Amino acid sequence: QVHLVESGGGLVQAGGSLRLSCAASGRTFSTYTMGWFRQAPGKEREFVASITRSGSNTYYADSVKGRFTISRDNARNTVYLQMNSLKPEDTAVYYCAADRLMPAQTMGIITDYSGMDYWGKGTLVTVSS
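Notes on the structure in this doc start here. (Residues numbered from 1 in each chain as written. Predicted model: local features only at pLDDT ≥ 70, side-chain atom pairs only at ≥ 80, totals over all residues. Heavy atoms only, no water.)

1. Focus on the overall build of the protein chain
Link 1 in the chain: Helix and strand content of the protein chain: one helix and eleven strands.
Link 2 in the chain: Beginning at the N terminus, the succession of helices and strands in the protein chain can be written as β-β-β-β-β-β-β-β-β-α-β-β.
Link 3 in the chain: Scaling as 2.2 N^0.38, a compact globule of 129 residues should have a C-alpha radius of gyration of about 14 Å, and the protein chain matches this with 13 Å.
Link 4 in the chain: Dimensions along the principal axes, computed over C-alpha positions, put the protein chain at roughly 40 × 30 × 25 Å.
Link 5 in the chain: Buried residues in the protein chain amount to 43% of all 129 residues. (Helix = DSSP H or I, 4+ residues; strand = E, 2+ residues; numbered from the N terminus. Rg over C-alpha atoms; globule rule 2.2 N^0.38 Å. Buried < 20%, exposed > 50% of the residue type's maximum accessible area, 1.4 Å probe, protein only.)

2. A few points about the nonpolar core
Link 1 in the chain: Counting residues in each nonpolar core, the largest one holds 36 residues, and the members touching the most others are Leu4, Met34, Trp36, Leu81, Met83 and Tyr94.
Link 2 in the chain: Looking at this core, the elements with two or more residues in it are strand E3 (18-24), strand E4 (33-39), strand E5 (46-51), strand E7 (68-73), strand E8 (78-83), strand E9 (92-99) and strand E11 (123-128).
Link 3 in the chain: Here this core takes five residues from E9, the largest share from any one element. (Core = buried A, V, L, I, M, F, W, Y, C linked by side-chain atoms within 4.5 Å.)

3. Points about the packing of aromatic side chains
Link 1 in the chain: Summed over the entire model, instances satisfying the criterion amount to six aromatic pairs.
Link 2 in the chain: Each member of the aromatic cluster is reached from another via a ring pair, and the members are Phe37, Phe47, Tyr95, Tyr113 and Trp119.
Link 3 in the chain: The lysine or arginine in question, Arg45, covers the ring of Tyr95, its NZ or CZ lying 3.8 Å from the ring centre.
Link 4 in the chain: Cation over ring: Arg72 sits above Phe29, and NZ or CZ is 4.5 Å from the ring centre. (Phe/Tyr/Trp six-rings, centres within 6.5 Å; stacked < 30°, edge-to-face > 60°. Lys NZ or Arg CZ within 6 Å of the ring centre and 35° of its normal.)

4. Details of the pattern of salt bridges
Link 1 in the chain: Tallied over the entire structure, the rule returns five salt bridges.
Link 2 in the chain: Close ionic contact of Arg67 with Asp90 constitutes a salt bridge, the shortest N to O distance being 2.7 Å. Of this pair, Arg67 sits in the loop between strand E6 (58-60) and E7 while Asp90 sits in the loop between E8 and E9; the two residues are 23 residues apart in sequence, bridging distant segments of the chain.
Link 3 in the chain: Since its relative accessible area comes to 11%, Arg67 is described here as buried.
Link 4 in the chain: One network of salt bridges, in which partners are shared, links Arg38, Glu46, Arg67 and Asp90. (Salt bridge = Lys/Arg side-chain N within 4 Å of Asp/Glu carboxyl O.)

Shown next, in the form of structure tokens:
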């Protein structure tokens, strides 16, 4: 069992930055592919970024490429999402997810997330114009 807790959300002006963190319980964090997803009001949940178990490869949605950076620290059981040049359309609840078997690249391709092993409860990011 893995328990995920997101933090770091808040209110920021357009053009600003935020760093989200997702802390995981357990001693098997390094065996999970990790991803960040978001859900804006009235919209479907969407992929933001994912990272392989070792952290050597990362994948991004086109909408955040060049602005967001995903990273992980397996010694601290934490995955991060550095968000720069934020836009009002980035406003959403941001969730982290973990999956034991799913490749990081696949997280950016699938549209049905119901099979993902674990989800956090999310952290709200609001970007004002």
